[in-house]
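# Breakdown of the fold
One letter stands for each residue in the lines below.
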Amino acid sequence: MTNIPWTARLALRALRANKMRSALTMLGIIIGVAAVIAMLAVGTGATMRISEQISSMGSNLLIILPGSTTSGGMRMGAGTQPTLTYQDAQDIPVECPAVDAVAPVLSGAAQVVYGRQNWSTVVTGTTPSMLYVRDWSLSEGRAFTDADVQNATKVCLLGQTVVENLFGDEDPYGKIIKIKNLPFTVIGVLKAKGQSAIGQDQDDTIFIPLTTAQRKLFGTAFPGMVRIILVKAKSTGELNDAQDQITSLLRQRHHIGPRQDDDFTVRNLTQMMQAAEQSTRIMTLLLGAIASVSLLVGGIGIMNIMLVSITERTREIGIRMAIGAKTWDIRFQFLMEALIMSLIGGTAGIATGVGSSAVLSKIAGWPAAVSPFSILLAFGFSGAVGIFFGFYPAYKASLLNPIDALRYE
Amino acid sequence: MALIETQEITRTYQLGDVEVNALNGVSVLIEKGEFVSIMGPSGSGKSTFMNILGCLDKPSRGRYLLDGIDVSTMGRDQLAQIRNRKLGFVFQGFNLLARTSALENVELPMFYAGIGADERRQRALEALGMVGLQGREAHYPNQLSGGQQQRVAIARALVNEAPIILADEPTGNLDTRTSEEIMALFVRLNADSKITIILVTHEPDIAAFSRRAIRFMDGRLISDEEVS
Ligand SMILES: Nc1ncnc2c1ncn2[C@@H]1O[C@H](COP(=O)(O)OP(=O)(O)OP(=O)(O)O)[C@@H](O)[C@H]1O
Ligand SMILES: [Mg+2]
């Protein structure tokens, strides 16, 4: 004898009779559901962004950094000594079978000028293989060649941010810009890549031939020095092999004895990023779990109000029992009230959650991904909360003694 | 077989250390179609007796047979079903559901009987017509006079065609004229529809409408006589 529409109508009427109270009770669920949705959305967004960054960084990437050196008994900090050279970079793909390609980098900040516009950016001296290593392509023009590197020509590739700031709507191709007052010809424009894992704008960059950077822009006392070397392994499975091969090659090339520490560091970027992605996933789950605590609190609010309501309506329950309501008629009636509150609250919470994740992502510049799964989950969860927390009050109501209930003042 | 038979029923309340016998060994036989009034001073156990007859309460000792069946053997839901099908209640305080129209109040017992919406509505309208409340179907209890509210309650008691109506001081809150109208309604239901009516009252004028009067005193039945 479960007449759902009739019972639902009855429940809605009871809820309307106490509008403010019902609304406040629902608010608990609304906040809980909205929090779950928003937290999952922000967390999922973060995970997605890291995944994007992993692929924007280029795949199967290792990075070789200059390490600490010991000179005259003094340990110098990592990266303070010039230990990596262009020659190192050139030997690696030849000697290490697990390595696909390398891109040495010597970079520095520089002021660039075009016409009356000027912009401060990172100028990266590198080799043509950079584009391949970073899985980067050009939107216009051509890349520089090995010949450009050999002859230290003054040509450059511009990142999108630099193009926007120097040229606006103008076509940069073939134009001459000045980097540290030296004229460079723009021979190509890089495709947009977005932010890096540490929030840097990857498009705010200029690529020039490595030798040009070494000789004309960032000249140091150590000719042939490079700042870092990017390495692309042949496959994900060969990342570790590549790391080992590079390490032994560089130790040999740098004449490092068996008891001495490396004067360089090889890092597995892909692995680092994957670890970051993993921890973001865990953070998402954690946020979701914390948010669902508030949903739980909302559920307790429902239970509380239902208990109050049942006390207030003891007489009504008595009347219903006197005219023939059975145990489950009473239970179903109050369960329905709890369920309707939690489902209305859940629906409003989903709307609020979707809305606030949109606002959040606008403000934080952080993508927020509301998945249909999390909506379904939130809806189902709020329904379950309603039934779970509504059951005890409904059960209690159904076990009242009819005559006591009727006499209740 | 009598419609209602109580055998030595006793109802004991525990008040602290004291045991109060609200009813003390009451045996009564009531046949189908009777119109019985129950009288007695305040606290003599009339309501206690009615609640037991109405399957809202159970005797502490003794047996209560309704249609020959011992009610004490039944579970909650069976009792609910008996209240729904066999018994109609009319209370002194009306006991209508607030914020619920007259029509819906009358439909309620049929809902718990599992009757479909169309039939429910049809029969509720008929019952309201029978108690003279045509045109008031949509009114809420707080928009009706006491007499009208009691008529709604009577319509609700009638609507499932219960063979027994139990009325505990149904005119207690009404003025003399309205009381007489309500009593006339009971008399008609008893005469025309052969509904068994058991009614508690303090007033001899009201008891005079019945055909048999039972008196209680201190939980005991002290007299049981025909009304002349
Ligand atoms: N729930 C209860 N707990 C304890 N004692 C009760 C309870 N209900 C009734 N009693 C006692 O049982 C006795 C009979 O009460 P009952 O309500 O049956 O009287 P009554 O005849 O209906 O009186 P009235 O005419 O005033 O309605 C009274 O002494 C009353 O105090
Ligand atoms: Mg009484």
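As the structure is a prediction and not an experimental result, all values here were calculated from the model.

Below, the discussion takes up the packing of aromatic side chains. Any two aromatic rings considered together are summarised by their centre-to-centre distance and by the angle between their planes. Counted by the stated rule, this structure contains ten aromatic pairs over all chains. Here a set of aromatic residues connected by ring pairs shows up, and it is made of Trp6 of chain A together with Phe111 and Tyr112 of chain B. A cation over a ring is seen here: lysine 193 of chain A above tryptophan 136 of chain A, with NZ or CZ 5.3 Å from the ring centre. A cation sits over an aromatic face here: lysine 232 of chain A above tyrosine 132 of chain A, 5.5 Å from the ring centre.

Taking 1.5 Å per residue, 13 residues should reach 18 Å; helix α5 (residues 146-158) of chain B reaches 18 Å between its end C-alpha atoms and fits that length. Burial runs high along α5 of chain B: twelve of the 13 residues are buried. When we look at burial in α5 of chain B, the residues that qualify are Gly147, Gln148, Gln149, Gln150, Arg151, Val152, Ala153, Ile154, Ala155, Arg156, Ala157 and Leu158 of chain B. Packing partners of the buried residues in α5 of chain B comprise α10 (314-322) of chain A together with β6 (87-90), α3 (102-112), α4 (117-130), β7 (164-168) and α6 (176-193) of chain B.

Split into domains, chain A comes out as domain 1 (4-53 + 275-407) and domain 2 (82-262). For domain 1 of chain A versus domain 2 of chain A, the distance between C-alpha centres works out to 55 Å.

With that settled, the discussion passes to the interface of chain A and chain B. On the chain B side, the residues contacting the 28 residues of chain A number 26 residues. The junction of chain A with chain B conceals about 2,500 Å² of combined surface from both sides, 55% of it contributed by carbon and sulfur atoms. In this structure, the salt-bridge partner of arginine 9 of chain A is glutamate 104 of chain B, at a minimum N-O distance of 3.5 Å. One can count nine residue pairs in polar contact (both at pLDDT 80 or more) joining chain A with chain B. For the side of chain A that touches chain B, the secondary structure elements donating two or more residues are α1 (4-17), α10, α11 (327-364) and α13 (402-407) of chain A. Here the element with the most residues in the side of chain A that touches chain B is α10 of chain A; it accounts for six residues. Taken together, the residues that form the side of chain A that touches chain B break down as 13 nonpolar, seven polar and eight charged.

Phi angles above zero are rare outside glycine, and asparagine 181 of chain A is one such case at about 70°. Looking at where asparagine 181 of chain A falls in the secondary structure, it is placed in the loop between β8 (176-179) and β9 (182-190). According to the relative accessible area criterion, asparagine 181 of chain A is exposed, its value standing at 67%. The backbone phi angle of glutamate 169 of chain B is positive, close to 45°, even though this residue is not glycine. If you trace the backbone, glutamate 169 of chain B turns up in the loop between β7 and α6.

Spacing of three or four residues puts side chains on the same side of an α-helix, whose turn is 3.6 residues. Taking burial as the measure, the eleven residues of α3 of chain B include eleven buried ones, the bulk of the element. Within α3 of chain B, burial applies to Ala102, Leu103, Glu104, Asn105, Val106, Glu107, Leu108, Pro109, Met110, Phe111 and Tyr112 of chain B. If you follow the buried residues of α3 of chain B, they end up packed against α1, α10 and α11 of chain A together with α2 (76-85), α4 and α5 of chain B. Immediately beyond the C-terminal end of α3 of chain B, within one or two residues, lies glycine 114 of chain B, with a positive phi of roughly 80°.

Ser42, Gly43, Lys46, Ser47 and Thr48 of chain B are the nearest of the 14 residues found near ligand 1. What surrounds ligand 1 is not a single chain but chains A and B. At a separation of 3.2 Å, an oxygen atom of ligand 1 approaches a polar backbone atom of serine 44 of chain B. Within the side chain of glutamate 169 of chain B, a nitrogen or oxygen atom sits 3.5 Å from an oxygen atom of ligand 1. Out of a free accessible area of 630 Å², ligand 1 has 68% covered by protein chains.

The next subject is the pattern of salt bridges. Between side chains of opposite charge, a pair can form when the charged atoms approach closely. Residue and element names in this part refer to chain A. For the coordinates displayed, the defined rule picks out 22 salt bridges over all chains. Of the charged contacts in the structure, one is a salt bridge between glutamate 316 and arginine 320, with a shortest N-O distance of 2.9 Å. Here arginine 320 and glutamate 316 lie together in helix α10, a separation of four residues that amounts to about one turn. The burial state of glutamate 316 is the same as that of arginine 320; both residues are buried. Residues joined by salt bridges that share partners form a network here, namely Arg313, Glu316, Arg320 and Glu337.

With that settled, the discussion passes to a nonpolar patch on the surface. All names here are of chain A. A grouping of Trp328, Phe391, Tyr392, Tyr395 and Leu399 is seen on the molecular surface, where their side chains present a nonpolar patch of about 500 Å² in accessible area. Considering every element that reaches the nonpolar patch, the biggest residue donor is helix α12 (residues 372-398), with three residues. Tracing the sequence through the fold places phenylalanine 391 in helix α12. The class of phenylalanine 391 is partly exposed, set by a relative accessible area of 31%.

What follows covers the nonpolar core. Formed by 70 residues in total, the largest nonpolar core has its most connected members in Ile4, Phe49 and Ile198 of chain B. In terms of residues, this core owes the most to one element, α11 of chain A, which gives eight residues. Not counting residues up to four positions away in its chain, the partners in contact with phenylalanine 49 of chain B are Thr6, Ile9, Leu23, Val26, Val28, Ile38 and Phe216 of chain B. With 68 residues, the next largest nonpolar core counts Leu106, Val163, Phe207 and Val266 of chain A among its residues.

Moving on, we get to the sheet that holds β7 of chain B. All names here are of chain B. Strand order across the open sheet formed by six strands is β6-β7-β8-β3-β9-β10, with mixed pairing between neighbours. Of all the strands in the sheet, just β6 and β10 (220-226) have a single pairing partner and so form its edges. Pairs of neighbouring strands in the sheet enclose a mean axial angle of 15°, with direction left out of account.

Residue and element names in this part refer to chain A. Of the pockets and cavities examined, the largest pocket occupies roughly 850 Å³. If you list the elements that add at least two residues to the lining of the largest pocket, you get α2 (19-57), β1 (61-66), β4 (99-114), β5 (117-126), β10 (205-209), β11 (228-233) and α9 (269-312). Taken together, the residues that form the lining of the largest pocket break down as 16 nonpolar, nine polar and four charged.

The next thing to look at is the packing of helix α3 (residues 86-95) of chain A against helix α8 (residues 239-253) of chain A. Residues and elements named next belong to chain A. The interhelical angle for the contact between α3 and α8, taken along N-to-C directions, is 135°, at an axis separation of 10 Å. Taken together, the axes of α3 and α8 are oblique relative to one another. Judged by the twist between their axes, the crossing of α3 over α8 is right-handed. Along its contact with α3, which presents Gln87, Asp88, Asp91, Ile92 and Glu95, the element α8 presents Ile246, Leu249, Leu250 and Arg253. When its residues are assigned to classes, the contact of α3 with α8 shows four nonpolar, one polar and four charged.

Conventions adopted
- Along each chain, the written sequence defines residue order, and numbers are assigned to residues from 1.
- Just so you know, chain letters begin at A and ligand numbers begin at 1, following the order they were written in.
- In keeping with the model being predicted, local features are shown solely for residues with a pLDDT of at least 70 and side-chain atom pairs are shown and tallied solely at 80 or more, while totals for entire chains, interfaces and linings include all residues.
- In computing side-chain properties, one takes all heavy atoms of the structure into account and sets aside hydrogens as well as water.
- Under the pairing criterion, centres of Phe, Tyr and Trp rings, with the six-membered ring standing for Trp, must be within 6.5 Å; the plane angle then separates stacked pairs below 30 degrees from edge-to-face pairs above 60, leaving the rest tilted.
- Any Lys NZ or Arg CZ found within 6 Å of a ring centre and within 35 degrees of that ring's normal is scored as a charge over the ring.
- Helix numbers and strand numbers start at the N terminus; a helix is a DSSP run of H or I with at least 4 residues, a strand a run of E with at least 2.
- By this rule, a helix spans an expected 1.5 Å times one less than how many residues it contains.
- Any residue under 20% of the maximum accessible area for its type is buried, any over 50% is exposed, and the rest in between are partly exposed; the area is computed with a 1.4 Å probe on protein chains only.
- Any two residues having at least one pair of non-hydrogen atoms within 4.5 Å are treated as being in contact.
- Bear in mind that the domain bounds are from an automatic or database domain assignment.
- Take the accessible area each of two parts loses on contact, using a 1.4 Å probe, and add the two losses: that sum is the buried area.
- Throughout this description, the term salt bridge denotes a Lys or Arg side-chain nitrogen within 4 Å of a carboxyl oxygen of Asp or Glu.
- Pairs of N or O atoms within 3.5 Å make up the polar contacts considered here, provided that, within protein, one atom can donate a hydrogen while the other can accept it, and that residues adjacent in sequence are counted only when both atoms are side-chain atoms.
- Residue polarity is assigned by list, with Asp, Glu, Lys and Arg as charged and Ala, Val, Leu, Ile, Met, Phe, Trp, Tyr, Cys and Pro as nonpolar; anything else, Gly included, falls into the polar class.
- Residues are classed as near a molecule or strand on a simple rule: at least one heavy atom within 4 Å of it.
- Under the convention used here, a 1.4 Å probe and the Shrake-Rupley method define accessible areas, while residue burial counts only the protein chains that appear.
- Like-charged residues within 9 Å of one another, or nonpolar side chains (Val, Leu, Ile, Met, Phe, Trp, Tyr) within 5 Å, are grouped into patches, provided each residue has over 30% relative accessible area and no salt bridge.
- The set of buried Ala, Val, Leu, Ile, Met, Phe, Trp, Tyr and Cys residues whose side-chain atoms join them within 4.5 Å is what this entry labels a nonpolar core.
- Here a strand pair is declared whenever DSSP counts at least two bridges between the two strands.
- Interaxial angles span 0 to 180 degrees and are taken between N-to-C directions of axes, which are lines fitted to C-alpha atoms, for helices over the stretch in contact.
- Here a cavity denotes a set of grid points, spaced 1 Å apart and computed over the protein atoms alone, in which a 1.4 Å probe fits but from which it cannot get out, and a pocket denotes an open set meeting protein on both sides within 12 Å along at least five of seven lines; residues with an atom within 4 Å of a point are reported as lining.
- Grid points are joined across faces, edges and corners, and a volume is the space filled by probe spheres set on the points.
- Should an angle fall under 35 degrees it is taken as roughly parallel, and over 145 as roughly antiparallel, whereas 65 to 115 is taken as roughly perpendicular and any remaining angle as oblique.
- In this scheme the handedness of a crossing depends on how the near helix is turned from the far one: anticlockwise by less than a right angle means left-handed, clockwise means right-handed.

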